[in-house]
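Given next are the chains, with one letter for each unit.
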Amino acid sequence: MLSSLPAGTRFPSRHGRWVGALLLGCAMAVFGPIVNPAAGPTVGVGLAHAADDKPTYGPWEWVRSDNGVAVPRRTVSTSPLHEFRGTGIIPAPIAALLAVMDDTDHRLEWMKEAAAQILVQQVDQQTVIFYNRTKAPWPVWDRDAVLRARTTFDTAEKMVRIDIEAVEHPAWPPQKGVVRMPFLRGHWHMRPEKNGQWTKVEYQVFANPGGSLPVWVINSVSKNIPHTTIVQLREQVKRRRY
């Protein structure tokens, strides 16, 4: 695990790449078995708000819009980390996107940072708990998390919701040599477009990768996570033609 770095430290481009890969892998941990029938402080466990905190949020501010995906961010009062959201249109029906997310056999085609994804508990038909481990290149330790994903088919809103959050589970306590992510919360919203042939997707994530990565690096790189995730999902659904 990296030690804390002094103010003003700058990473060479290669470090930006592996930090980006780590954060992308952490965020894409939400693709578990969801359907079954600037210089500043470093990130520590205390920086992401606890479940019983009630944060306030700043306004959404656009940070990028390209390749058919728009990404805004907002501040969170209980954390120096930003929350990010991505929206875009994918030319495939909702059922095809859900099939991609549930396709464990081909997940590494577009989730190359995944080291392990293990079903821990099938809570009910809509909710699963799974363990996710994300590979990180030296000298950064791997990250892991136990995540709960709940899929809801909202007929009134004509959309599919997938809500994800990090939880504790006795079957998977923190592992030696791996940094347990102290916080992750995210969601997918999918709405049909063009009579159901296409899908409008919204992917929102707020995550603390833990360890001692500088906050300015995480915020700088994290703006790419929703964008990259949606683009890779769009490419995978074309690659396999679900």
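For the structure, check the block above.
So, a few notes on the structure that sits alongside this text. Since this is a predicted model, take the numbers as computed values, not measurements.

1. Some points on the environment of R85
Among the structural elements, R85 can be located in strand β3 (residues 79-90). Taking the relative accessible area as the measure of exposure, R85 reaches 22% and is therefore partly exposed. Each C-alpha atom, one on R85 and one on F206, is 8.9 Å from the other, the two residues being 121 residues apart in sequence. Setting aside its immediate chain neighbours within four residues, R85 contacts W60, A70, V71, P72, E202, Y203, Q204 and P226.

2. A few points about the nonpolar core
Counting residues in hydrophobic clusters, the biggest one holds 34 residues, and the most contacted among them are I90, L97, I162, W188, M190 and L233. Tallying contributions element by element places helix α2 (residues 94-101) first for this core, with six residues. Formed by seven residues, the second largest nonpolar core is a distinct cluster that contains V76, L81, V215 and I218.

3. Examining the pattern of salt bridges
A full pass over the atoms with the stated rule returns eleven salt bridges. Note that D154 is salt-bridged to R161, the shortest N-O span being 3.2 Å. For D154, a relative accessible area of 17% translates into the label buried. Using a relative accessible area of 25% as the deciding quantity, one classes R161 as partly exposed.

4. So, α2
Across the eight residues of α2, six count as buried, placing the element largely inside the fold. Within the sequence span of α2, burial applies to I94, A96, L97, L98, V100 and M101. For α2, the elements touching its buried residues are β3, β6 (143-154), β7 (159-166), β9 (183-193), β10 (198-208) and α4 (225-240).

5. Considering α4
For α4, built from 16 residues, the straight-helix expectation of 22 Å at 1.5 Å per residue is met to within 8% by its first-to-last C-alpha distance of 22 Å. Among the residues of α4, those classed as buried are I225, P226, H227, T229, I230, V231, L233, R234, Q236 and V237. Following α4 by one or two positions, R241 adopts a phi angle in the positive range, close to 50 degrees.

6. Let's talk about the pairing of β7
Note that β6 and β7 share eight bridges and pair antiparallel. Counterpart to T151 in the pairing with β7 is I162. In this antiparallel pair of consecutive strands, β6 and β7, the connection spans four residues, and K158 shows a positive phi of 55 degrees. Inspection of the sheet shows β7 paired to β9 by six bridges, in the antiparallel sense. By the bridge assignment for β9, R161 is matched with H189.

7. Quick notes on the packing of aromatic side chains
In this structure the tally under the stated criterion is three aromatic pairs. With centroids separated by 4.2 Å and ring planes inclined at 10 degrees, the aromatic side chains of Y131 and W172 adopt a geometry described as stacked. Here the residue Y131 occupies a position in strand β5 (residues 127-134), and W172 occupies one in the loop between β7 and β8 (179-180), the gap between them amounting to 41 residues. On the basis of relative accessible area, W172 is assigned to the partly exposed category, the value being 22%. When the ring of W188 is compared with that of Y203, the centres are 4.6 Å apart and the planes differ by 20 degrees; the resulting orientation is stacked. Of the two residues, W188 is situated in strand β9 and Y203 in strand β10; the sequence distance between them amounts to 15 residues. For the pair formed by W188 and Y203, the shared burial category is buried. Across the ring face of Y57, the terminal group of R74 is positioned such that the distance to the ring centre comes to 3.9 Å. One residue, K194, lies across the ring of W198, its end atom 3.7 Å from the ring centre.

How each quantity is defined
Residues numbered from 1 in each chain as written. Predicted model: local features only at pLDDT ≥ 70, side-chain atom pairs only at ≥ 80, totals over all residues. Heavy atoms only, no water. Helix = DSSP H or I, 4+ residues; strand = E, 2+ residues; numbered from the N terminus. Buried < 20%, exposed > 50% of the residue type's maximum accessible area, 1.4 Å probe, protein only. Contact = heavy atoms within 4.5 Å. Core = buried A, V, L, I, M, F, W, Y, C linked by side-chain atoms within 4.5 Å. Salt bridge = Lys/Arg side-chain N within 4 Å of Asp/Glu carboxyl O. Expected span 1.5 Å × (residues − 1). Pairing = 2+ DSSP bridges. Phe/Tyr/Trp six-rings, centres within 6.5 Å; stacked < 30°, edge-to-face > 60°. Lys NZ or Arg CZ within 6 Å of the ring centre and 35° of its normal.

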